[in-house]
Structure formats: structure tokens, C-alpha cells
Amino acid sequence: MKPFAYERPVTAADAVAALAAGGSTARYLGGGTNLVDLMKLGVDQPDHLVDVSRLSRATIDETHDGGLLIGGGVLNSQLAADPIVRARYPVLARALLSGASGQLRNQATVAGNLLQRTRCSYFQDISKPCNKRRPGSGCPARDGHHRELAILGHSASCLATHPSDMAVAMTVLDARIRLLGTDGPREIPLAELYRLPGDQPDRETQLDPGDLITAIELPPLTAAHSDYRKVRDRASFAFALVSVAALLDVADGHVRESRIAFGGIAPIPWRARRAERVLRGAPATPESFARAAAAELDLARPLPDNAFKVTLAANLLVETLVDLAQR
Amino acid sequence: MATALRSPAIGSSLSRVDGRLKVTGQAVYAAEHQIPGVTHAALLQAEIAAGTVIAIDATAALRLSGVLAVISHQNAPRLAPVDDAELAVFQSPAVAYRGQLVAVVVADSLEIARHAAGLVAVEYDARPHDVLLRPDHPGIYRPDKVNPAYPTDTEQGDADAALAIADIVVDETYETPAVHNNPMEPHASLAVWSGGDLTVYESTQGAADTRDALAELFELDPGAVRIVSPHVGGGFGSKGKARPQIVVAALAARVVGRPVKLALTRREMFSLTGYRTPTLQRLRLGADSDGQLRAIVHDVLEQTSTISEFAEQTATATRMMYAAVNRRTTHRLLALDVPMPSWMRAPGECPGMYALESALDELAIACRIDPIELRIRNEPAVEPETGKQWSSRNLVACLRDGAARFGWADRDPTPGVRRDGNWLVGTGVASSTYPTYRSGSEASVHADPDGSFTVSVCGADIGTGARTVLTQIAADSLDAAPDRIDVELGDSDLPRGPVAGGSMGTGSWGAAVVRACEALVAKLADLGGVVPDAGIDASADTAAEVAALPKLARHAFGAQFAEVRVNTMTGEVRVPRLFGMFAVGRIINPKTARSQFIGGMTMGLSMALFEQSLLDREFGDYLNHDFAQYHVPTCADVLDIDAAWVDERDDRLNPMGTKGIGEISIVGTAAAVANAVHHATGVRVRRLPITPDRLIG
């Protein structure tokens, strides 16, 4: 591991200033559950770490309109156990608890969770090419192992998936991200945080250098049932092959509103807008759900070893919506 | 000489005598020994799969403060040539597989060593590599023997003719992937030279063999080398012999003139410490319509490396499991530009019995016979290929008693009909077996006047409980309480014992302990039962006793039962129940034995559902080389798992009447699970592991 400087500012403003002063290879350090691994592997080699894991506002507060404001330094375990999250946003609690392990959730922050890097094998091995890690070096996954990789939203240059469960749930909750940058604070929808890879897979978000996620805001949730279902290669402690976050509001046997996002199949948490459009006003039946899944997955461009994800994603969405419709 | 021991320590669930040390962190493992002046090593591994190192530029690394040396083939001391080419580290610029050792950086701290390793520039001349095991490869060959010394091929009768006229024929190919041993404790070596003497604190299953290998490499008298390995955090065969890292540590320590510590990373273990070869196995069974086997043919293809040959004995269990007049088994190898495969828990029996026991299940279905009944109908009176008498064989008891405990009666054989919501439910069974090996061993025992005893043998407790069961064996032999006995293991200066492998540790070391204790008891009797102030010693060597053992077929047996649930929408597989019934001679310690059984079954479950090392064709290495990508079971995957045993008395094994229990329980588990998946879904998966994509894809 390369030597690096380390500092731990007290306020968010100090952190932003410290990062700017630290130069282009300075990084914010949250729980370190991903960044420290990447440093040990040589995938990321920062000269300067700005520890933001102990900034003051690591709290979960109700907003005046009945939503939630979650500090960027809140721990994943803390958020999953929050009584309001469990009662009003079960999709989020379930997503959090399906991610990582108890030990990691006790260490990982929610801001860091949003910004974790793909677990693509090639990205994590510096002895091999990777367009995300070393732009222009190539992508061995297309002709190599890609069973775990993307079927939607990927490009010729990159097949990586976004690894977060929490971000998939927050996507259907229409979360907003509060940022502090060198030009002051601003707020963006989570849906606008991530970029598709295109021919620049090394650029993963719309953040400017030095932007710090200070908080995540969840709008109040209307009456709807929600759930998170994750399929992986073992029962616990593995990244999703496919996951689904879904909200369903059914009245008189018809879908009033649905919100759907997939994890594990795209470079970003994949909001399934096409599926949602198909469902609007449709009978809440397995047939409608299957049509919605088909409409969304019509966009899929799988490779030989991950074609099963198309079937799996459709089945998982139908299973999840059937279950929600019966509640 | 007494052959039956009757006092109460054997058979009791004595808690591990080193358990408190371990759970309080006081048990010292190889890399934890505190040695003044220790330095640290970081490895450079080849980034090509085949070719030559043409240049190594260590200038930048050597400029770093704290870097002591960069050692490669360019400047390494010469080692004596040895059979295992893997141990000839830094002796040649040739690269035989990706990940092979190219250089080592030694520095004052691990951080400096790792940083410096990243600054070493290595240039290669790569040649095209060949890393894919495939049945149509022109280089497939017949090895001279298979591990450790079994015939490569065997044949009895005319299997082809019997298959041609059989009422029922099963002809299927089963595929198992490469899998890696992955003990919790990575391989670690801490080498200390003192004058011309070398001591290495090491994590090994065989300190004596490792000592001999090092003495040969460094051209030292074996008495000048000592391997110290009191505690070992698992090995599963991967620590059964010297691995490259111990040679690196010893060589580097000699170069820098200070102790060198080298603990492999998890990633490094995926190329440097062996793995279970992938296999392609064609099974052909010919039977009468009532299930009587007429022919068994088992043809195995597996891989080895170009640097050194390892030929797994995958079909040997097929030679002795079931009665059939006509039988043929073959092993073929393909040498590829890959890391060297080696021993992994039940090498041979484990993948071989997955194929055989899956095929038996397919035959049971084809014959419309209960799979337990099918196995019982083909029970052989003597060992089929050799005609030897069994020392004991209680497979049928395991199948019947296990079936009763598991609740097999009234099982509807129809596949795919038991539904619980989106989940299909099924059950499966498979047999287990493992040879009962025994090796000669030495042991000594020392009595002190205070009534305490020290028992010494160069065995290894690799997490099995060996130290505890040897304590019990000595206690009964000496008629002393277990807490008066201290068992010393894991030091090559102790009386020589065989490797902790082949499930023969307890049987081999234990027999020598019994004989040494008997000798001590006799000496004490001559002294009127009074221990002199200086204490009294006795020792034994069982080599002659083992050589004189009657020629019998000695094997352990078992039956495993699995209940599985398969989600029809997602292909997720869960195993709510796993039960194993074993016939393994006398159980010394029910608590540690049960731990061995359910540990092996968990590893078998892992083989069935999770484990696979993915070879990257373009780069030629195993791609998923960490625990985030290489999946082993979590607690959530291991639900109701249990094991029991039949009361088996066999006095033709060793003085304790034991059979080995370290490996049998991983044999058959994968077939039981795969058979249950078929029963649940009607889908026969003939390629492990059974991942969701293979059920819904």
C-alpha cells in the first residue's frame, strides 16, 4: 500500500476545504469498507485521506413534511434499525439488511454506500486491463467472465454493475442527495447522481471533485406496500445477481401507483420506468406484472453467461409484485 | 499386548484441551511468533501464464528507506534440485503459470515491503498459454499412477459387452469445477537462521516432512532444521507438504541475515497452495431391471500443471463401492499452464463419489427402485476388485439407520410434485466412503514424579481435535486423568509421525502413543510403580506393527441425507436439513467427532451449491480469488445439520479400533444435495455447483 496523508476535520466545510487542498488524488474516507480494500489492492492509490466518518451530523431526523433527513455519516446498521425507517420505509430497511454483513453494516456509512465501487473481478485486479480503472486499456469481461455483470445500461467499454442494495431502495423512494462542494451546498435527486458508462466508464457520478454527500432526504411515503427482494449465490453476504425494490399501491384491484428499481443488473440502480408505465391503472394481476417486466427487460442486452438474469429479473419482479398485491 | 482399552477417557466428550488458549487468543500461530529483528516479505507473482522473465528492475524499490533486498532468479542463492519443482523458487526465469513467484521484497515493515513490491518492474516474454481443460485436447495422456500410488486404470470382466446387453443403462457425464482449500489461517512462514541452523515457525500439517524438504533444498543435515507448528488454522491438504512460501522465507532470511516473516494473502493462496482439480467424469452403469449392477465404467479427465504432475485418484472409490462383475476405471490427465492442483479434503473420493452417487440415483429412477434399496442390492461381500475381506463394512447399517432417523420411509419418488408456495421440496441420499489408512509412527512419553505425563509425537492438530483425542488415548493407556497429560505436537524435533492427512492422524499417532504408554507402564511396574525424581521415559515405533497388519480391505462408510427447497421463480436452493450417518470404528470423542462430521458436510454442501474457482481463459489464472467472489457457506446457508454413527467394533485396525473421520463426511454430500434437487424439481444438474442460473437459465 502506498503511503498517504490522513486528516480528520471536524466540520463538513473543513472537510471540503481539506479535500480541495489535498489535490486530485485526495479521497473522503467514510467507514472505509470499500476504499481501504481498494487501497490494499492498489486499485485506488490516494495520497491524501480526509476522514469524514466522525463529522457531527450523523443523525436521522424527521422533516417538517413527514419525510426523513439522514446524515451522510449515519451507519448502515443504524439506518436499518431506525424505528421510522422500519415502519414507514420497509423497502429501505430490508435492502440495508440484505447488504454485506452485520460487521460491515456497523462500519459502513450511507454516503459511502452510495459511492461504493463495482465489484467486477477485472476492476479489482490491477494486473489486468479495465476501462474503468485505466481508461482505454480494454474490458476483458466481454469475452471473459461476466456472469455477475450488467444486462442493462452497459456499454461496449464497461459491463460493471453498481453493487449497492441501499441505493436501489432509495431510488424507488425518490431520495434526494444534499451535497457540499467548493461552491457551497446544493441538492440533486438520487436518480441524477449516477452516470451510465458510455465511453467514459471511469466517470461514475455527476459529482464535482470535492463534493461531499452531507445528507440524504427521503420524501414522505404515500400509502403503499413496499419490499426488497434479493437473489444471490448464497443466502447471505453476497452481492445481488438480481434484486428488486418495489412499491405498490393497489385500489379496487388496479394499480394506482408503482415504483420499481432493479439492482445487480446495471451500472446504476435501474429505475424501471417502462414497467411502471405499463402498470399504471392496470389490473393488479400476475399477467400485468409479467407484461410490465417484459416491457422493461425488452431493453436488456445480455451476454452469453448472464442471459439468465433476464429471466431471473422478470420472475423476481413478478414474485415481488404478486406478494405486495396480496398485502 | 492389550488391544482393547476400557477406561473411561475414550468415548467421553472431553472439550478441546487447547480450546481455552484458542478462544482467548493465546494459542500462537505461525505468523504470530514474536521474534526480535523480524523483517517482512512481499511477493511478486508472474503476470503471464507461460513464458520467461526477461528483466527485473528493482531500482526504485531498493531506493525506498527500509527495503533490505529484492530477490529473484537474478540474484537468489542456488538451491539443491528437488522432485517438487514448485519449491525451486527464484531458480529460473521460466514462468509455468500465472501467479508463479517471480521475486520477493524484504523490508523492515510489511507496509514498506508491499509498497516496494509495487515499484518493481518485471518484463516478460510471453508465449501463448493453454489453460482450458477440454475432452478433445490432443495432449491428454495416461499418468503412470494416481495419487498416492494407485493404478491409473483397472479392468475386470468385459464392461462394454455387459453394457451392450444390460436392461438399463445410465451413461452420463458429470463435471466438477476447480475448488480451493481456503483454510482460515493463510499459509505463513517465519524463518530464523542461527549460524547454520534453520528454524521456521510454520503452519503445516506435516512438520517432519517439511523439515526434510527444507534440509534437502538448503543442503543441510535434517538435524540442523527445525519446523515449529504448534497450532494450525486448518489446511484441508493444502498444508500437507512444504509450499513455496516457506522456501522464500528461509531463502530471504539467509540473504538479509535477519528473520523473515511471510504470510500469504488470500489472493496469493489461489495460485500458490494447490487446489482440487476440475474433473470431467463419464459414468456408465449397466443393470438388470431389478437394479442388479452388471457393469460400472468410470472414466475421468482432470488437469495438472506443466511444472509438476498431480494425478488425482478420482475413480478409486468406484473400484470398491458396489458389486459388479464387469468394471473399468480410467484416469487421464492434461498438463496445462495453470497452478498445480494438489490434495484437498478427500482428494479423489470427493469428486468421484459425486459422479458415482449421482449416477446411482439416476439408475434408481430408471429402475423404479428406491435409491437406498438399490445400494443395498449391490452390496459386495468382499472388496470387489481385490477379493479382500472387509475389516468391517457397515454401509447398509448407515443407509437403514440413517433413513430411519432422517424420515425416509414413505418417500414418494416422483420428482417435482411437492410444492410450498413458489418452493419445490425434495430429498436425496448418497453413500460416503473413505479408506482407512495407517502409517507407522514414533511417539514418546515422559512421566514425572508429580503424576503428570508428557506425550510427544510430531503430529499436527489442524483444528481437528487431535491434541484432545491423543490426550484421551494416553489417559486410558496410562490409567491417568486427562488433565495430568500434556500432549506435544507440531515440532519436527519430536518423535517422527506422519502428516495429518489421509484421515490417518489419530490412528497412526494414537497407536504409537498407546505403545509408548504401554512401554512406560511396563517400566514403571519394574520400578514398583514409583517414578524416580528425574522422571522416566519410554518410546515406541509402530513401523513393524503396521507392516505386519493382515491384508484386509479397510474403509469407513456413511450415508448422507439432504432435504432441499428450490424456488421455481429464482432458482434459489436452500438445504433445510442435512444428516449424515457414519460407520467409522470407535469414536474417541463424540464432541470433536461430530464437529469433524458436520464440518465436512458443510464443506460438501459448499461444493454442491457454491464453490468454484473460475479460470480466466485470457489471463490463465483463477479470477475470483477472494472471499467476496469465491463463495463458501454463511451461517444462513447451514440450517439443520447433524451427524450420528453406528456402533462399529473393528479390532483389526489399530489398538483403539478407530477409522479416520477427517475426510469421509465431505464424500457424498454433493451427490445427496444434487439428488435432492432432482427429486424436488425434476432437473438433473450434472455440473457443480448448483447455482440459480443452472436451474432457471
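Residues numbered from 1 in each chain as written. Chains lettered and ligands numbered in written order. Predicted model: local features only at pLDDT ≥ 70, side-chain atom pairs only at ≥ 80, totals over all residues.

Engineer: Lay out the overall build of chain A with the relevant residues and their values.
Structural biologist: Broken down by element type, chain A carries 11 helices and 12 strands. Relative to the 2.2 N^0.38 estimate, which gives 20 Å for 327 residues, the radius of gyration of chain A is 20 Å and therefore close to what a compact globule would have. In terms of principal-axis extent, the alpha carbons of chain A reach across some 60 × 50 × 35 Å. For chain A, buried positions account for 56% of its 327 residues. Across chain A, every contact between residues at least 6 apart in sequence was considered, and the portion connecting residues at least 24 apart equals 63%. (Helix = DSSP H or I, 4+ residues; strand = E, 2+ residues; numbered from the N terminus. Rg over C-alpha atoms; globule rule 2.2 N^0.38 Å. Buried ≥ 20, exposed ≤ 12 C-beta atoms within 10 Å, placed from the backbone. Contact = placed C-beta atoms within 7 Å.)

Engineer: Account for the overall build of chain B, with residues named and values stated.
Structural biologist: Within chain B one finds 16 helices and 27 strands. For chain B, the C-alpha atoms occupy an extent of roughly 75 × 75 × 50 Å along the three principal directions. Looking at chain B as a whole, 59% of its 697 residues are labelled buried.

Engineer: Report on the nonpolar core, specifying residues and quantitative values.
Structural biologist: One recurring pattern in soluble globular proteins is that nonpolar side chains are buried together. Ala41, Val105, Ala249, Ala474, Val513 and Val673 of chain B are the most contacted members of the largest nonpolar core, which has 211 residues in total. If near-sequence neighbours (up to four positions away) are discounted, Ala41 of chain B is found in contact with Val104, Val105, Val106, Ala113, Val248, Ala249, Ala252, Val260, Lys261 and Leu262 of chain B. Counting residues in each nonpolar core, the second largest holds 110 residues, with Ala15, Leu114, Val242 and Leu297 of chain A among its members. (Core = buried A, V, L, I, M, F, W, Y, C linked by C-beta atoms within 7 Å.)

Engineer: Could you give an account of the interface of chain A and chain B, naming the residues involved and the relevant values?
Structural biologist: Each partner contributes to the interface: chain A provides 27 residues, whereas chain B provides 31 residues. Per-element accounting of the side of chain A that touches chain B gives the leading share, six residues, to helix 11 (residues 308-325) of chain A. The residue makeup of the side of chain A that touches chain B, split by class, is 11 nonpolar, eight polar and eight charged. (Nonpolar A, V, L, I, M, F, W, Y, C, P; charged D, E, K, R; others polar.)

Engineer: Describe the sheet that holds strand 15 (residues 279-287) of chain B, naming the residues involved and giving the relevant values.
Structural biologist: Residue and element names in this part refer to chain B. Taken in spatial order, the five strands line up as 9-17-16-15-10 in an open sheet, and their pairing is mixed. Both outer strands of the open sheet, strand 9 (154-156) and strand 10 (168-176), are each paired with one neighbouring strand and no more. Neighbour-to-neighbour, the strand axes of this sheet turn through a mean angle of 10°, independent of strand direction. Here strand 10 pairs with strand 15 via nine bridges, running antiparallel. Bridged to Tyr174 within strand 15 is Gln281. Seen against the sheet, helix 8 (residues 349-367) touches strand 10, strand 15 and strand 16 (293-305) and runs at an angle of roughly 150° to strand 10. (Pairing = 2+ DSSP bridges. Axes fitted to C-alpha atoms, helices over the stretch in contact; angles between N-to-C directions.)

Engineer: Residue-level account of the sheet that holds strand 23 (residues 485-488) of chain B, with values.
Structural biologist: Remark on secondary structure: sheet strands pair via backbone hydrogen bonds, oriented parallel or antiparallel. All names here are of chain B. Strand order in the open sheet formed by four strands is 23-22-21-24, with mixed pairing between adjacent strands. The two strands at the open ends of the sheet, each matched to only one other strand, are strand 23 and strand 24 (536-541). Put simply, the sheet's adjacent strands are angled 15° from each other on average, direction ignored. Of the pairings in the sheet, the one linking strand 21 (residues 442-447) to strand 24 comprises six bridges and is antiparallel in character.

Engineer: Summarise the pairing of strand 13 (residues 225-228) of chain B; cite the residues concerned and give the values.
Structural biologist: Two faces belong to every sheet, and in a regular strand the side chains alternate between them. Residue and element names in this part refer to chain B. Taken together, the four bridges between strand 12 (residues 197-202) and strand 13 define a ladder with parallel strand orientation. Along strand 13, the bridge assignment pairs Leu198 with Val225. Between strand 12 and its parallel partner strand 13, the chain crosses via helix 5 (residues 207-217), and the hand of that crossover is right-handed. (Right-handed = clockwise from strand over helix to strand, strands pointing away.)

Engineer: I'd like to hear about the pairing of strand 3 (residues 48-51) of chain A, residue by residue, with values.
Structural biologist: All names here are of chain A. Pairing of strand 1 (residues 5-7) with strand 3 involves three bridges; the strand directions are parallel. Each bridged residue has a counterpart across the sheet, and for Glu7 the counterpart in strand 3 is Val50. Sheet analysis places strand 2 (residues 26-29) next to strand 3, joined by four bridges and oriented parallel. Looking at the pairing, Tyr28 lines up with Val50 of strand 3. In this view, the connection linking strand 2 to its parallel neighbour strand 3 by way of helix 2 (residues 35-41) has right-handed handedness.

Engineer: Now, about helix 1 (residues 12-22) of chain A: what can you tell me, with residues and values included?
Structural biologist: All names here are of chain A. Along helix 1, the residues classified as buried are Ala12, Ala15, Val16, Ala18, Leu19 and Gly22. An end-on view of helix 1 places all buried positions within 165° of arc, on one side of the element. After helix 1 finishes, the residue Gly23 shows a positive phi value of roughly 90°. (Arc of directions from axis to C-beta.)

Engineer: Explain the environment of Thr285 of chain A to me, and be specific about the residues and the numbers.
Structural biologist: All names here are of chain A. In this structure, Thr285 sits in the loop between helix 9 (273-279) and helix 10 (286-297). Judged by the 15 C-beta atoms lying within 10 Å of it, Thr285 is partly exposed. Expressed as a C-alpha distance, the spacing of Thr285 and Val318, which sit 33 residues apart in the sequence, is 9.3 Å.

Engineer: Break down unusual backbone geometry for me, with residues and values.
Structural biologist: Residue and element names in this part refer to chain B. Here the bond from Asn147 into Pro148 is cis, since omega is -10°, no more than 30 degrees from zero. Assignment of secondary structure puts Pro148 in the loop between strand 7 (145-146) and strand 8 (150-151). Between Leu688 and Pro689 the backbone carries a cis peptide bond, its omega angle lying at -5°. A positive phi angle is found at Ser503, which is not glycine, with a value near 55°.

Engineer: Tell me about the confidence of the model for chain B, residues and numbers included.
Structural biologist: Residue and element names in this part refer to chain B. When the pLDDT values of chain B are averaged, the result is 97; 99% of them are 70 or greater. Across residues 1-6, confidence stays below pLDDT 50; counting only partners more than four residues off in sequence or on other chains, it has nine contacts. Our summary of model confidence lists the complex with pTM equal to 0.97 and ipTM equal to 0.97. (pLDDT = per-residue confidence, 0-100.)

Engineer: Can you break down helix 11 of chain A residue by residue, with the values?
Structural biologist: Between the first and last C-alpha of helix 11 of chain A there are 26 Å, a value that for 18 residues agrees with the 26 Å anticipated at 1.5 Å per step. Among the 18 residues that make up helix 11 of chain A, 15 are buried, leaving the element largely enclosed by the rest of the structure. (Expected span 1.5 Å × (residues − 1).)

Engineer: Describe the environment of Gln103 of chain A, with residues and values.
Structural biologist: Residue and element names in this part refer to chain A. Mapped onto the elements of the fold, Gln103 is located in helix 6 (residues 102-105). You can call Gln103 exposed: it has 11 C-beta atoms within 10 Å. Linking Gln103 and Ser77, residues 26 residues apart in sequence, is a C-alpha distance of 8.9 Å.

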